Amino acid sequence: MCLCNVFDQDTCLSTDSTSEETADDTGQCMTRTMLKQLSLVLLTLQNALLILVMRYTRTRKGDMYFATTAVVLSEGLKVLTSLMILAVQEGTFTKLMCYLRDNIWRQPLDCLKVSVPAFIYTLQNNLLYIALSNLDAATFQVSYQLKILTTALFSVLMLKKKLSPQQWSSLVILFVGVALVQFRPEDSKSSKTATTDQRPSVGLFAVILSCFMSGFAGVYFEKILKGTKQSLWLRNVQLGSMSVIIGLITMEIKDGPKIQERGFFFGYDYVVWIVIVFQSLGGLLVAVVVKYADNILKGFATSAAIVLSCIASIYLFDFKLSFPFTTGAFLVIISVYIYSKFVPENSLPQVNVGKEKSPSRLM
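Residues numbered from 1 in each chain as written. Predicted model: local features only at pLDDT ≥ 70, side-chain atom pairs only at ≥ 80, totals over all residues. Heavy atoms only, no water.

**Re the nonpolar core**
Ranked by internal contacts, the top residues of the largest apolar core, which has 69 residues, are Leu86, Tyr129, Phe140 and Phe325. Excluding its chain neighbours within four sequence positions, the residues that come into contact with phenylalanine 140 are Ile51, Leu128, Ala131, Leu132, Leu135 and Val207. (Core = buried A, V, L, I, M, F, W, Y, C linked by side-chain atoms within 4.5 Å. Buried < 20%, exposed > 50% of the residue type's maximum accessible area, 1.4 Å probe, protein only. Contact = heavy atoms within 4.5 Å.)

The following block contains the structure:
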């Protein structure tokens, strides 16, 4: 009887343990699913709202803020965010200072490596403001997906990455879609709500140049990360710090006299600060999506952002859809989905937002 009781007790304990493990697994699965869905929604809104709000601030009536100052503040906020994450990882302020001393102050040549992408990213961010000052939000959102093409080409050339046949096909579809978007009727080329002179050719040139810069800088930064042991967040501190310095130099060259006359925060209001925060923290959302979701969902977020931008532009900026634009936007959305879905298994990036090295710049 005792043996039977012992056996029953062990069985009960085993059953309870199994039930607890099953409950824990179910809870973790539900939490991961919720985080995946939440991060997807947030990334979609961030991608769409950033472009819409930035476009609004560049075309509304009133005093126009200096884009160069917004770029400096955006990069500075990225540095502060990365420092906060590093502080949490290190545990104490003293450990953080020692970590920064060992990896930044004592390795100046290593920091110089990021000066190249920092310079390019700073120019790219300034180009985005120029592009959105001359292109409507919907056209910009679709055209800016050319960065997928440039990033893929630079990855093949610089990192020897392999693309699947479906991905190569998607890049062709992407190019055709972006080209179609540029052909629109004369009556829909400019928004009635725009209060500044619109030069679509300048905006398109800025987008194309920005896409090439984004592709090269992203792949270059990925190559740096793959060849070193430093964490992603440390690299973002280095990159952001260099970008702030370069941004200040660019600001002085382009708008120095005007800023001295009117002030650094001339034309600022809460909407401009929203643009700065969105632009700075967008990389964190990408990190969360990559960690809890996958490339397919990230591509879906991009496609959903294009649709939201088009719909919002119709109501907010008097944007008029045309057959070429609708067809082009549809092709771009399809290409983004195909490119995200058919990724060769041996080229999938292993992203870790902790202290391990990561293959991409997330901020």
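Having put the structure on the table, let's press on.
**Observations regarding helix H10 (residues 232-262)**
The terminal C-alpha atoms of H10 lie 38 Å apart, and with 31 residues this falls more than 12% below the ideal 45 Å at 1.5 Å per residue. Positive phi shows up at glycine 263, right after H10, with a value of about 105°. (Helix = DSSP H or I, 4+ residues; strand = E, 2+ residues; numbered from the N terminus. Expected span 1.5 Å × (residues − 1).)

**Quick look at the packing of aromatic side chains**
All chains considered together, the criterion is met by 11 aromatic pairs. Judged by centre distance (5.3 Å) and plane angle (85°), the rings of phenylalanine 265 and tyrosine 268 are edge-to-face. We classify phenylalanine 265 as partly exposed; its relative accessible area is 47%. In this structure an aromatic cluster arises from ring pairing among Tyr65, Tyr129, Phe264, Phe265, Tyr268 and Trp273. (Phe/Tyr/Trp six-rings, centres within 6.5 Å; stacked < 30°, edge-to-face > 60°.)

**Topic: the packing of helix H7 (residues 146-159) against helix H9 (residues 200-226)**
Running from amino to carboxyl end, H7 crosses H9 at an angle of 40°, the nearest separation of the two axes being 8 Å. Viewed along their axes, H7 and H9 adopt a mutual orientation that is oblique. Taken as a pair, H7 and H9 cross one another with a handedness that is right-handed. Contacts between H7 and H9 pair Leu146, Lys147, Thr150, Thr151, Phe154, Ser155, Met158 and Leu159 from the former with Ile208, Cys211, Phe212, Ser214, Gly215, Phe216, Val219, Tyr220, Glu222 and Lys223 from the latter. Class assignment for the residues of the contact of H7 with H9 results in 10 nonpolar, five polar and three charged. (Axes fitted to C-alpha atoms, helices over the stretch in contact; angles between N-to-C directions. Parallel < 35°, antiparallel > 145°, perpendicular 65-115°, else oblique. Left-handed = near helix turned anticlockwise from the far one by under 90°. Nonpolar A, V, L, I, M, F, W, Y, C, P; charged D, E, K, R; others polar.)

**Examining the packing of helix H5 (residues 115-134) against H10**
For the pair H5 and H10, interaxial distance at closest approach is 8 Å and the crossing angle is 55°. With respect to H10, the axis of H5 lies oblique. Taken as a pair, H5 and H10 cross one another with a handedness that is right-handed. On H10, the residues touching Ser115, Pro117, Ala118, Phe119, Tyr121, Thr122 and Asn126 of H5 are Leu239, Met242, Ser243, Ile246, Gly247 and Thr250. When grouped by side-chain class, the residues that make up the contact of H5 with H10 number seven nonpolar, six polar and no charged.

**Details of the side chain of aspartate 255**
You can see aspartate 255 is positioned in helix H10. A polar contact of 2.8 Å, which involves the side chain of aspartate 255, links it to the side chain of threonine 68. (Polar contact = N/O pair within 3.5 Å; in protein donor to acceptor, adjacent residues only side chain to side chain.)

**Concerning the environment of lysine 223**
With respect to the element layout, lysine 223 can be found in helix H9. Taking relative accessible area as the criterion, lysine 223 reaches 46% and is therefore assigned partly exposed.

**Observations concerning the environment of phenylalanine 175**
Of note, phenylalanine 175 is situated in helix H8 (residues 165-181). Beyond its immediate chain neighbours, meaning those up to four positions away, phenylalanine 175 contacts Leu146 and Leu149.

Honestly, that's just the spatial picture; any functional story needs more than this.
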